[in-house]
Amino acid sequence: MAIPNASYSLRIRVRLENVPGTLGRVATAIGDAGGSIVRIDLVEVPGPSVLRDVIVFAGDEAQMASISSAVGAVAGVVVESVHDRTFDLHHRGKIEISAKAPLAGRDDLAMAYTPGVARVCRAIADRPAEAHGLTMKANTVAVVTDGSAVLGLGNIGPAAALPVMEGKAVLFKQFAGVDAVPVCLDVDGPDELVETVQRLAVAFGGVNLEDIAAPACFEVEQRLQESLDVPVFHDDQHGTAVVVLAALRNSLELVGKKIEAVRVVVSGMGAAGVAVTKMLVQAGAGEVVGVDRQGALHGGRGELPPSKRWVAEHTNAAGRRGSLHEVLLGADVFVGVSAPGLLTPDDLRSMAPDPVVFALANPDPEIAPEEAGGVAAVIATGRSDYPNQINNVLCFPGFFRGALDSGATTVTDGMKLAAAAAIAEAVPADELSPTYVVPNVFDHRVAGLVAEAVADAARADGVVRRS
């Protein structure tokens, strides 16, 4: 049975006979149906009957229906309404446009719009760089997708991807004050995607690529980086890689190992896996071995797409071959961005002493933390219900905040490495522990620390706009 969680949350409005035991029978029915009561709110003051809202978590949609039916069958209870709280939250979207400029009278109107706006338009026409300071471009990022690789849902198309892009925009605003606009594109292939973004990028100070399937995502990002003069960042790749490196830095500190001396096995060679591998190489990891469904990547693997070819040519210097289980022997670190249930406790026991295990497949990891407990020195997942959640929200809001504030024109490896260092350092040394190697996603210090580090790195790398 699936574990009840907020994704499947119900508000059941019930009218109860105002006699002892009625509410208890409701609670029992919900528990017997597998639900978890979060809270009970009083809607109407007591009388012959009592009106209450019962907030319940379920494990899936079938269980939601079972819980509703079970409550309706309780004697002395009338179910007045049932609401899916997740759908309620999304009703009419999660974001809106609000005006910054006051319009209290004719003078305000004349400055914000015609005729005064013409002066600002002419200034930008004469000096195009002024757009970065005189328009929304200064604080606005386009969150771009074609809907071809949405979360764990796959190619569901741009319209169905819009709720995810809206959610991303909420996170940008909440954590870093960045205005983000969902741009869901109905395009046919990388050429149309690239051309469309090139044409609309004039309105934005940065481009966050999201949920674009591999291998097209690599080509799209590279072509946009080369053609645009604003930062382009594919969060599925680099956000994941940055947070993984931050968590690894702190994990290795705990187990007394140096990154230059460890062997890391990365399982899954899609967008995230390739980016994680590249970042580990940039960070100086001693040895990295990438593994896909056919086994370890190495120079003799024959025909490979360009992204995997890079991994084969720049990692696995020892030429290790074989399955995941075989190359994991003696490894210090496992990073999984692949599929659930790939590992067993025996696989972890075959690794070097004090193994570090990042099982990031979502929603079900490569090995459950309960199975890894007592074997792995540190375990991290992508889930919020376990310690050490590797969540991109620790990276992308602050990353773009720093890029926008510094006037960065592109994204460099130095900026990504700086972001990873800032996230790692957000965990105080005296609080570092096996269950605390990355900050909590609601630690609001993180975005500011990342922004400052990224801005400094952009200036050091010489990729900031000159006025």
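Parameters at a glance
Residues numbered from 1 in each chain as written. Predicted model: local features only at pLDDT ≥ 70, side-chain atom pairs only at ≥ 80, totals over all residues. Heavy atoms only, no water. Patch = residues over 30% accessible without salt bridge, like charges linked within 9 Å, V, L, I, M, F, W, Y side chains within 5 Å. Areas by Shrake-Rupley, 256 points an atom, 1.4 Å probe, with all protein chains shown as cover. Salt bridge = Lys/Arg side-chain N within 4 Å of Asp/Glu carboxyl O. Helix = DSSP H or I, 4+ residues; strand = E, 2+ residues; numbered from the N terminus. 1 Å grid on protein atoms, 1.4 Å probe; cavity = no way out; pocket = protein on both sides within 12 Å on 5 of 7 lines; lining within 4 Å. Points joined across faces, edges and corners; volume = space filled by probe spheres on them. Nonpolar A, V, L, I, M, F, W, Y, C, P; charged D, E, K, R; others polar. Pairing = 2+ DSSP bridges. Axes fitted to C-alpha atoms, helices over the stretch in contact; angles between N-to-C directions.

Caption draft 1: Region of interest: a nonpolar patch on the surface. Among the surface-exposed residues, Leu103, Leu109 and Tyr113 lie close enough to one another that they form a single nonpolar patch of about 360 Å² accessible area. Positionally, Tyr113 belongs in the loop between α4 (106–112) and α5 (117–126).

Caption draft 2: Layout of empty space enclosed by the protein. All chains considered together, the criterion is met by one cavity of 30 Å³ or more. Space inside the largest cavity adds up to approximately 50 Å³. Taken together, Phe175, Val393, Leu394, Val441, Asp443, His444, Val446 and Ala447 form the lining of the largest cavity. Here the lining of the largest cavity is built from residues that sort into six nonpolar, one polar and one charged.

Caption draft 3: Summary view of unusual backbone geometry. Here the amide bond leading from Thr114 into Pro115 is cis, since omega sits at 10°, within 30 degrees of zero. Position of Pro115 relative to the elements: it lies in the loop between α4 and α5. At the junction of Ala214 and Pro215, the peptide bond is cis and its omega measures out at 0° in the coordinates. Structurally, Pro215 is set in the loop between β7 (206–209) and α9 (216–227). Despite not being glycine, Asn316 has its phi angle at roughly 50°, a positive value. Summarising the element assignment, Asn316 is placed in the loop between α12 (306–314) and α13 (324–327). Even without glycine at this site, Asn388 takes up a positive phi of about 60°.

Caption draft 4: Structural context of the layout of surface pockets. Here the second largest pocket is characterised by a volume of approximately 1,100 Å³. Along the walls of the second largest pocket sit 31 residues, with Ser98, Ala99, Lys100, Met136 and Asp179 positioned nearest its centre. Mapped by element, the contributors of at least two residues to the lining of the second largest pocket are α4, α5, α6 (131–134), α7 (158–176) and β6 (179–184).

Caption draft 5: Up close: the sheet that holds strand β3 (residues 49–58). Reading across the sheet, the four strands line up as β2-β3-β1-β4 and stay open at both edges, with antiparallel pairing between neighbours. The outermost strands of the open sheet, each flanked by one partner alone, are β2 (36–42) and β4 (77–84). Across this sheet, the average inter-strand angle for adjacent strands is 25°, counted without regard to direction. Taken together, the seven bridges between strand β1 (residues 5–17) and β4 define a ladder with antiparallel strand orientation.

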